Each structure stands twice: as structure tokens, then as C-alpha cells.
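# Overview (structure and organization)
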Amino acid sequence: MPDKHLSSQFDNDLNSICGKLLEMGGVVESQVAMAVRAFANLDGDLADQVMAREREVNDFEIEIDSICTEIIARRQPIARDLRLVMAVSKAITNLERAGDEADRIARRTKHILEDSASHGINVAEIRLSGQMAVSLLRRSLDCFARLDIKSAVEVVYDDKEIDDEFRAFVRKLVSY
């Protein structure tokens, strides 16, 4: 990922946080995809699996944040290295929030199943939004892994598209 440094341990530290971020991202991506599938299929068992993974995501955030803090304190990174550490720190917060949203979807699914309120829910639009979100997350992680700025800019523009879809869905839901 990052350029080589005189200290191979510093390189190892930077590679470690990048690798752990990508590992966490994979867990969150899986969690979001499962949550959307659980909702679309009203699958309570799958919703339970999503909720069970929430602790794993939280643990990842704590571990990676601790490593980032240690790198800053011990290595005092500058320029590109500091930007990388700060980007990882912000990314893990966003990944943890995405995991929280997946957990929320799973809990709502369980609530719908318990109340037998599944009739009248248009899961096609929700499934589409979920698939768009998973795809965006996957592409974001890929951009980070390759440090591909051009593709990252495209992801930002596509994020606006997902926001528009979500707002349209909420308007329909409110009017329903």
C-alpha cells in the first residue's frame, strides 16, 4: 500500500491497519448484504446472524482505532502517512456505522416478523437500494485497497444517486 520507509516496522504498522480496515470492510459488506436479504425474504434466522456479527464489527473498530492512535503517538507520521492513518480512522467509524445500520435492518426485520406486518411492504425497492449500497461499499473498499483516486471520485458521485433513490423511497413510504 504505502511507500517504503526506513523503518520496516513502520511499514508493517501501516500495512496492518490497511489490511485490518479491508478485513473489517469485508465483514460489514457481508453484514449489509445479509441484512438486506433477510429483510427482502423476511428471514428471521438470517437477521439473527446479522445481529450476531455486530459485536465483531465493534471489536474491529476498537482494535484498529487503538493501532491508529499508537502509530500517531509512537511514529509521529507526517504528510502522506498521516493522511493515510487519519483516513483509516475515519473509514472505520463509517464502516462501524454501516454495521449499525445493518443491525438496525435485521432488528426491524425481526420486529416485522413478530408483528406479522409483512403484507404491503414493497421489498423490490428496498432490495434495489440495498444492492446499490453493497455495491458502493465494495467499490469503496476496492478503491482504498488500490489507492485509486479516480475511481473513488466516481464512487462519491454514485453515492449521490443512492441518496436520491433513498429519498424517493422514503417519500413513497410516507405517502403510503
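What comes next concerns the included structure.

Calculation notes
- Residues numbered from 1 in each chain as written.
- Predicted model: local features only at pLDDT ≥ 70, side-chain atom pairs only at ≥ 80, totals over all residues.
- Heavy atoms only, no water.
- Helix = DSSP H or I, 4+ residues; strand = E, 2+ residues; numbered from the N terminus.
- Buried < 20%, exposed > 50% of the residue type's maximum accessible area, 1.4 Å probe, protein only.
- Contact = heavy atoms within 4.5 Å.
- Areas by Shrake-Rupley, 256 points an atom, 1.4 Å probe, with all protein chains shown as cover.
- Salt bridge = Lys/Arg side-chain N within 4 Å of Asp/Glu carboxyl O.
- Patch = residues over 30% accessible without salt bridge, like charges linked within 9 Å, V, L, I, M, F, W, Y side chains within 5 Å.
- Expected span 1.5 Å × (residues − 1).
- Axes fitted to C-alpha atoms, helices over the stretch in contact; angles between N-to-C directions.
- Parallel < 35°, antiparallel > 145°, perpendicular 65-115°, else oblique.
- Left-handed = near helix turned anticlockwise from the far one by under 90°.
- Nonpolar A, V, L, I, M, F, W, Y, C, P; charged D, E, K, R; others polar.

Here we take up the overall build of the chain. Within the chain one finds five helices and zero strands. The proportion of buried residues among the 176 residues of the chain is 35%. Contacts in the chain between residues far apart in sequence, at least 24 positions, make up 77% of those at least 6 positions apart. In the structure as shown, the chain presents an accessible area of about 10500 Å², 54% of it carried by carbon and sulfur atoms.

On to the environment of Lys 110. Topologically, Lys 110 is positioned in helix H3 (residues 79-115). Remark: the alpha-carbon pair of Lys 110 and Gly 44, spanning 66 residues in sequence, is separated by 5.8 Å. Sequence-distant contacts of Lys 110, defined by excluding residues within four places in its chain, comprise Gly 44, Ala 47, Asp 48 and Met 51.

Inspection of every chain in the model, using the stated rule, returns 12 salt bridges. Where Arg 104 meets Glu 101, a salt bridge forms, and the shortest distance between an N and an O atom there is 2.5 Å. You can see Arg 104 and its partner Glu 101 sitting in helix H3, three residues apart, about one turn around the helix. Arg 146 serves as the salt-bridge partner of Asp 142, at 2.7 Å between the closest nitrogen and oxygen.

Side chains of Ile 72, Leu 82 and Met 86 sit close together on the surface and give an oily, nonpolar patch of about 210 Å² of accessible area. In this structure, Leu 82 sits in helix H3. Residue classification places Leu 82 among the partly exposed residues on the basis of a relative accessible area of 31%.

Another aspect to go through is helix H1 (residues 8-41). Helix length check: H1 (34 residues) gives 49 Å between terminal C-alpha atoms against 50 Å at 1.5 Å per residue, within 8%. Positioned one or two residues after H1, Leu 42 has a phi angle of 45 degrees, which is positive.

Running from N to C, H1 and H3 point in directions that differ by 20 degrees, and their axes come no closer than 9 Å. As summarised for this structure, H1 and H3 are arranged roughly parallel, according to the angle between their axes. Remark: the crossing between H1 and H3 carries left-handed chirality. Of the residues assigned to the contact of H1 with H3, the class counts are 21 nonpolar, four polar and two charged.

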